[in-house]
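Close look at the chain arrangement
Letter by letter, the chains look like this.
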Amino acid sequence: MSEFLRHFQKQQTVVAPREKTTKTECPYCSVQCTMNLHEEKSIMVSRYSVSPNKEDPVTDGRLCVKGLNAHTHAVDDRRLKYPMVRLDGTLSPISWNDALQRIKERIEALQVQYGKDAIGVYGGGSLTNEECYLLGKFARIALQTKYIDYNGRFCMSAAAGASNLTFGVDRGLTNPLSEVPLAKCIILAGTNLAECQPTIMQHFRKAKQEGAKIIVIDPRETATCSIADLHLKVRPGYDAALVNGMLKVIIEEGYVDRDFIERRTSGYAELEGHVKKVSLAEVAALAGVSPQSIIEAARMYGQAETGMVFTARGVEQHASGVANVRNFLNLVLVTGKIGRPGCGYGAVTGQANGQGGREHGQKADQSPGYRLIENPEHRAYIAKVWGVPEEELPRKGVSAYEMMEAIDRGEIKGLIILGSNPVVSNPNSQMVEKALKKLKFLVVIDLFESETARLAHMVLPGSAYLEDEGTITQLEGRVMVRRAIKSPPGKARLDWKILCDIAEVLGKGEYFRYRNAEEIFNESRLASKGGKADYYGMTYEKLERQSTACSGLVRRKSTRVRRGCLTSGSATRTAWPGLPRSIIRIRKRWQASDTPTC
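In this text, all values refer to a predicted model and were calculated from it rather than measured experimentally. (Residues numbered from 1 in each chain as written. Predicted model: local features only at pLDDT ≥ 70, side-chain atom pairs only at ≥ 80, totals over all residues. Heavy atoms only, no water.)

Considerations on the overall build of the protein chain
Helices and strands together make up the secondary structure of the protein chain, namely 23 helices and 22 strands. Taking all 598 residues of the protein chain together, 60% fall into the buried category. Considering only residue pairs separated by 6 or more positions, the protein chain has 72% of its internal contacts joining residues 24 or more positions apart. Element-wise, carbon and sulfur atoms account for 49% of the exposed surface of the protein chain, whose accessible area totals about 23700 Å². (Helix = DSSP H or I, 4+ residues; strand = E, 2+ residues; numbered from the N terminus. Buried < 20%, exposed > 50% of the residue type's maximum accessible area, 1.4 Å probe, protein only. Contact = heavy atoms within 4.5 Å. Areas by Shrake-Rupley, 256 points an atom, 1.4 Å probe, with all protein chains shown as cover.)

Next comes the structure, spelled out in structure tokens:
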């Protein structure tokens, strides 16, 4: 062989592409499909592709177009790589030291002039559990502000509020998705699973094959309607009125489970009295559907031996979102379709960590573990975990929308945003944009120069899902450890590290000395101990060990909800007088000593 050929063979060996495969999860919706990321490295470039995890117990190895392309934003060369400050109207790169010093000076100046609550914090439902926990602690310890909330307030929090008021506990689904095929009637209200969570559609198609009747309640013709036996094109805003009509038929035609109601519920007499006053013709006119279709839907669900109800954004994203969901829960309780296989309720969470995002303390009224910030006992416990006097903890703030209104009124002077783009995603976006422009100091932590970042005084380059290590709680309540498989580009930093760095320059670094995400998780476990959302029995080691046996996922231990509180609601979209405030108890609470099982 000639010297030239030998040299050519050697070069081919050196520069031949090398493939690396790593397991990860899709960062988009709450299904959190597990998948394999393939990286093919050559001397010039890296190429990426994705394949589904065929052993995923939730999706059976399915992956939608979002998952197949989820990596593209993380490896995009347009990612922010340096801190940016606005000088003469233009964002210009600066060093991290300069950025942190500017943040320190601006925050301290605003808080000296206007008080601690002059600064607000705004989070998102796609952050890891560790980041959600840390963001809440950051607001209350590093900034000592009451103003913190997140974008899940506009959607998933409505279902969470309804579940808490009805069941006394907030779990996205009362049953695993594997039980969907056991239901003989399924109501899908305000949810378009076929396009938004397509990888779980298999469960509903299987139910259909097993003879289940499927009712879709949606003003639009969606892809999900293709599996519907009945599509009720409800007029937007009149979901609760429609349900009132169904309840009237169910009660008057005797599809009520009176034994269950007597033993397991409260408030039925009030509901029955209200429904008797409802005119089916009036309800049908308000809802924009025929009386006969309401009767048909009520009989389908009422006569079914088993049944499940699922709601999502179409029902929740209303001023009366909590009341809307509570009326759908009335359907579940009146017919006794809960607490047994193939029966229950599910809030189809939208964002990746919508469930975990509302459990760890980034909501205005909550501290970690789903505790309440105004509850003296809860405050004392969290103060002890954090090592601060209880009286130094801020009180309850306001909801995300009310925060924007407070900014517009000039009550909040500065804002730190992590994991959200409110100019695009918030309701009344024109008001939001106008309000954010009034801020004296806006800091945005993001991957790209988003619409909100273009208004910021400072933009900090954060981390993508391939770089973020931490846990995610998906829609079923399964807790997953997501390991980092890449480093942030350029000078970008991990989101949790940025919060710790800001806390350090503000003189609160002693409360934020973490070496990794696992240390944050361990502290959050202790903070959640004994709360409604108790993660204390979990560890990274346990989650990862059991994930092998469970094909990648571990489900939070829970008990089917068996008791509830019924409420009455009017047939209009806004009037809900006299909603009961009673909170009921489930038969068995998950104890801190319980071990998560597959």
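Read on, since the account is not over.
Quick look at the nonpolar core
For soluble globular proteins, nonpolar side chains are generally found buried alongside one another. Phe 138, Leu 460 and Phe 512 are the most contacted members of the largest nonpolar core, which has 57 residues in total. Residues contacting Leu 460, with those up to four places away along its chain left out, are Pro 83, Trp 96, Ala 99, Ile 103, Val 443, Val 444, Ile 445, Asp 446, Ile 498 and Ile 502. With 54 residues, the next largest nonpolar core counts Phe 167, Cys 185, Leu 247 and Tyr 345 among its residues. (Core = buried A, V, L, I, M, F, W, Y, C linked by side-chain atoms within 4.5 Å.)

Looking at the sheet that holds strand β16 (residues 414-418)
The strand order across the open sheet built from seven strands is β5-β4-β18-β17-β16-β6-β7, with neighbouring strands paired in mixed fashion. Each edge of the sheet is formed by a strand with only one pairing partner; in this case those strands are β5 (90-93) and β7 (148-150). Shown here is a sheet whose adjacent strand axes are inclined to one another by a mean of 20 degrees, direction ignored. Two elements, strand β17 (residues 441-446) and strand β18 (residues 458-461), share four bridges in a ladder whose sense is parallel. Within the sheet, the bridge partner assigned to Val 443 lies in β18 and is Met 458. Sheet strands touched by helix α4 (residues 96-114): β4 (84-87), β6 (119-123), β16, β17 and β18. Its angle to β18, the strand with the most contacts, is close to 135 degrees. (Pairing = 2+ DSSP bridges. Axes fitted to C-alpha atoms, helices over the stretch in contact; angles between N-to-C directions.)

Regarding the state of the cysteines
On inspection of all chains with the given rule, the structure shows zero disulfides. With no disulfide partner, Cys 33 has as its closest neighbouring cysteine sulfur the one in Cys 29, 5.8 Å distant. (Disulfide = S-S within 2.5 Å.)

Some thoughts on the packing of aromatic side chains
If you walk through the whole model with that rule in mind, you get four aromatic pairs. Seen from their ring centres, Phe 204 and Phe 310 are 5.3 Å apart, and the 75 degrees between their planes marks the pair as edge-to-face. Remark: Phe 310 occurs in strand β12 (residues 307-311) and Phe 204 occurs in helix α8 (residues 201-209); sequence separation between them is 106 residues. A relative accessible area of 2% places Phe 310 in the buried class. Considering the side-chain rings of Phe 521 and Tyr 540, the 5.2 Å spacing of their centres and the 45 degrees angle between planes classify their relative orientation as tilted. One end of the pair, Phe 521, is in helix α22 (residues 517-528); the other, Tyr 540, is in helix α23 (residues 540-549), with 19 residues separating them in the sequence. Lying across the ring of Phe 512, Lys 137 places its NZ or CZ 5.2 Å from the centre. Cation over ring: Lys 413 sits above Tyr 114, and NZ or CZ is 4.7 Å from the ring centre. (Phe/Tyr/Trp six-rings, centres within 6.5 Å; stacked < 30°, edge-to-face > 60°. Lys NZ or Arg CZ within 6 Å of the ring centre and 35° of its normal.)

Here we look at the pairing of strand β19 (residues 470-473)
Here β19 runs beside strand β20 (residues 478-482); their pairing, made up of four bridges, is antiparallel. Its bridge partner being in β20, Ile 472 is matched across the sheet by Met 480. Between the antiparallel neighbours β19 and β20 lie four residues, among them Gly 477 with a positive phi of about 95 degrees.

So, helix α12 (residues 280-287)
Looking at α12, one finds that the buried residues are Leu 280, Val 283, Ala 284 and Ala 287. Along the long axis of α12, the arc covered by the buried residues comes to 100 degrees, so they all point the same way. The exposed set on the far side of α12, more than 90 degrees from its buried face, consists of Ala 281 and Ala 285. Looking at the packing, one finds that the buried side of α12 touches α9 (239-252) and α13 (291-303). Just downstream of α12 lies Gly 288, where phi reads positive at about 75 degrees. (Arc of directions from axis to C-beta.)

Focus: the environment of Glu 272
Within the element layout of this structure, Glu 272 appears in helix α11 (residues 268-276). On a C-alpha basis, the gap between Glu 272 and Leu 566 in space is 9.8 Å, while along the polypeptide they are 294 residues apart. Residues within four places of Glu 272 in sequence aside, it is in contact with Ile 251 and Arg 258.

Some points on helix α21 (residues 495-505)
For α21, the buried fraction is high: eight of the eleven residues fall into the buried class. Buried within α21 we find Asp 495, Trp 496, Ile 498, Leu 499, Cys 500, Asp 501, Ile 502 and Ala 503. Those residues of α21 that are buried lie in contact with α4, α5 (129-142), β16, β17, β18 and α22. Gly 507 lies just past α21 and shows a positive phi near 85 degrees.

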